[in-house]
Structure formats: C-alpha cells, structure tokens
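A look at the structure
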Amino acid sequence: MADYDRNPSPYLQQAFSDNPYRLLEWTVFMEELGSVADKRVLDLACGDGRLTRILAHGRARNVLGLDVSTEMLERATQQNASGQQESFPDVISYDRMSAADEAFTWKPPADLITAMYLFHYASSTDELNRMGRFIGRNLLPGGRFVTYTINPDYDFTNAPEDMEDRIGFRYGVVDPPAYTLQIKDFEVPIWQWSRQEYEKALEGAGLKNIKWHSLAFPKEHQNLNRDWQWYLDNPSCIVLSAEKVG
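A few points on the structure. (Residues numbered from 1 in each chain as written. Predicted model: local features only at pLDDT ≥ 70, side-chain atom pairs only at ≥ 80, totals over all residues. Heavy atoms only, no water.)

So, on to helix H3 (residues 50-57). The buried fraction of H3 is high, at six of eight residues. Along H3, the residues that are buried comprise Arg50, Leu51, Thr52, Arg53, Leu55 and Ala56. (Buried < 20%, exposed > 50% of the residue type's maximum accessible area, 1.4 Å probe, protein only. Helix = DSSP H or I, 4+ residues; strand = E, 2+ residues; numbered from the N terminus.)

This is the structure we're talking about:
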C-alpha cells in the first residue's frame, strides 16, 4: 500500500474524475453505511481522506483514518487543517497504521469500520486473516463493517482492451491470485481472494451476517445501465458487509 507514496497523481486524478464509475463505486457502499450520525468510525486504508470527510459531513461523532502511505496521510491532514473548506479538526484524526497490525486497539471500539479498497492489498491469506482480526478487535459488539473490494468472482481475462479509456483504470495479470492495478504509469500490486477466504477471515474475527452486495447506479441514473452493461456483467469490485457478534 505504500506504493501510493511514489507516484499518486494518476490515482488521484482518476479517483476524483467525473467518470460514471464513481456512481458505481459509491452508491451501494453509502446505502449500506446508512446513517453515521453520532457514531465512532474507524476508516481503514483511508488514503487522502475522501471517505473520512464524507463521514464527518454525515455528522459522525469521531472519525479516525488509518493508512500506511505517508504521502496520502499528508494530503488528508492538509485538507483537514483548520480553515480548509472541508476541515473537521474536532472530528477527524489520522494515523499511520497497517490494517494488519496485531497490536493496535482503538478505545473505545468503533461503532462502524469502513474501508474503500483494503482487502485486495493482503498479499497472503495470513495477512487477510490479520486484517479480519484487526477489524474484529476494534469493533463494538453489534457494530458493522462495510468495505468496497475486488470482486472474488471477477474474470480478469474478460476485460475489454480499452478498459482504461472507458473506466479510468485497468488490471494486469501477474500470477493469480496476484494482479496489478494500473492507471497510466501508476501501478500497484493487488490480490484476488475467494469468497470463502474473505468470509473465513471475518468469521474467525467474530463477525457474522456477512453479505455481498452487487453494484448499481442510483435511480436517477438508470439510463447509464445500457452503456455500462459490459462492466455490470463482470464487475471488478463489490461491496461486502458484516456485523460483530453482540
């Protein structure tokens, strides 16, 4: 994940583009989050703080964003500094931390843990399980976890050659389950794990009611379905949610 320290500009340009993919990326994820008002939220792999600021806008009581990228955290901190247009210095804080760390404990635990792109950075099932334990350890009983991650069923060999032109990024096949996410000259390693491996990591950490949610455009943008059917038929990402045993 520290690959984002070296050359984050292509990623950031893509992340803040007006490509319709942004609607697929956020719509179902935000629906699954529901109201965050007055909640303590732990945002893993927070990057430049995009989601932490959305959570603060939603009146979360306290938001801690964690990431391993110094560059991304500096950008997040700068945007959250007093006087900035979207600053929430009394609500948001950041720290450099791996979501696979075995010792970190947030006290009191979070009501909600979020992660936009996390699990596919686990380079082994052992690391995936450590991420699961991190989540379980830092979530209140009855609390929820919601993430946006690589679809375990995605067929990397069935992507169109012009995928980057259409969507802003592409993938490279290395040695399955190892792949790369590519945006122009930006490249970062990712891994695709099975549904069973995801669920084992979460269940082993005390989470239940694990659900997979297909992507969808919001109701007011259903007209995009036809042009985006190629992606909806083989979506590279999916939303995953779970609850901590109460």
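Right, let's talk about the packing of helix H2 (residues 21-33) against H3 for a bit. Between H2 and H3, whose axes approach to 13 Å, the crossing angle comes to 45°. The orientation of H2 with respect to H3, classified from their angle, is oblique. The way H2 lies across H3 gives a crossing that is right-handed. Contacts from Arg22, Glu25, Trp26, Phe29, Met30 and Leu33 of H2 reach H3 at Arg50, Leu51, Ile54 and Leu55. (Axes fitted to C-alpha atoms, helices over the stretch in contact; angles between N-to-C directions. Parallel < 35°, antiparallel > 145°, perpendicular 65-115°, else oblique. Left-handed = near helix turned anticlockwise from the far one by under 90°. Contact = heavy atoms within 4.5 Å.)

This paragraph deals with the sheet that holds strand S6 (residues 170-175). The strands making up a sheet associate through hydrogen bonds between their backbones, and the pairing can be parallel or antiparallel. Strand order across the open sheet formed by three strands is S6-S7-S8, with antiparallel pairing between neighbours. With partners counted over all chains shown, the strands left at the sheet margins are S6 and strand S8 (186-191), one partner each. With direction set aside, neighbouring strand axes in the sheet form an average angle of 30°. Examined bridge by bridge, S6 and strand S7 (residues 178-183) share five bridges and lie antiparallel to one another. Bridge pairing in S7 links Arg170 to Gln182. (Pairing = 2+ DSSP bridges.)

With 81 residues, the main nonpolar core has Tyr21, Leu44, Phe119 and Tyr171 as its most contacted residues. A total of six residues in this core trace back to one element, the largest contributor, which is H2. Phe119 has contacts with Leu128, Met131, Ile135, Phe145, Thr147, Thr149, Trp193, Tyr198, Leu202 and Leu240, leaving out every residue within four places of it along the chain. (Core = buried A, V, L, I, M, F, W, Y, C linked by side-chain atoms within 4.5 Å.)

A few words now on the pattern of salt bridges. Side-chain pairs of opposite charge can arise whenever the charged atoms involved come near each other. Tallying each qualifying case throughout the model produces twelve salt bridges. Taking the shortest distance from any N to any O, the salt bridge between Asp38 and Arg61 comes out at 3.4 Å. Of this pair, Asp38 sits in the loop between H2 and strand S1 (40-44) while Arg61 sits in the loop between H3 and strand S2 (62-67), and the two are 23 residues apart along the sequence. Under the relative-accessibility criterion, Asp38 is labelled exposed at 54%. (Salt bridge = Lys/Arg side-chain N within 4 Å of Asp/Glu carboxyl O.)

Below, the discussion takes up the sheet that holds strand S9 (residues 207-213). Strand order in this open sheet of seven strands is S3-S2-S1-S4-S5-S10-S9, and the pairing throughout is mixed. What marks the edges here is a single partner per strand, and that holds for strand S3 (92-96) and S9. On average, each strand axis in the sheet is inclined to that of its neighbour by 15°, with strand direction left out of account. Judged from the five bridges that link them, S1 and S2 form a sheet pairing that is parallel. For Val41, the partnering residue across the bridge sits in S2 and is Val63. Strands strand S4 (110-116), strand S5 (139-150), S9 and strand S10 (237-244) of the sheet are contacted by H2, whose axis makes an angle of about 165° with S5. Sitting on the sheet, helix H4 (residues 70-79) touches S2 and S3, and the angle it makes with S3 is about 165°.

This brings us to the packing of helix H5 (residues 125-137) against helix H7 (residues 195-203). Two elements in contact, H5 and H7, have axes separated by 7 Å at closest approach and are oriented at 40°. On the basis of the axis angle, H5 is oblique to H7. In this structure, H5 meets H7 at a crossing whose hand is right-handed. Contacts between H5 and H7 involve Thr125, Leu128, Asn129 and Gly132 on the former and, on the latter, Glu197, Tyr198, Lys200 and Ala201. Its residues assigned to classes, the contact of H5 with H7 comprises three nonpolar, three polar and two charged. (Nonpolar A, V, L, I, M, F, W, Y, C, P; charged D, E, K, R; others polar.)

Another aspect to go through is the pairing of S4. Among the seven residues of S4, six are classified as buried, and the element is accordingly described as predominantly covered. At this point the chain moves from S4, through H5, to the parallel S5, and the crossover so formed is right-handed. (Right-handed = clockwise from strand over helix to strand, strands pointing away.)

Turning our attention to the pairing of S5. As paired elements, S4 and S5 share six bridges and run parallel to each other. Considered in S5, the bridge of Ala110 is made with Leu139. Pairing analysis gives seven bridges linking S5 to S10, with the strands arranged antiparallel. The residue of S10 that forms the bridge with Val146 is Ser241.

The subject of this paragraph is the side chain of Thr114. In this structure, Thr114 sits in strand S4. On the basis of relative accessible area, Thr114 is assigned to the buried category, the value being 0%. Those residues in contact with Thr114 that lie beyond four places of it in its chain are Phe29, Leu33, Val41, Leu42, Asp43, Leu44, Leu51, Leu55 and Val146.

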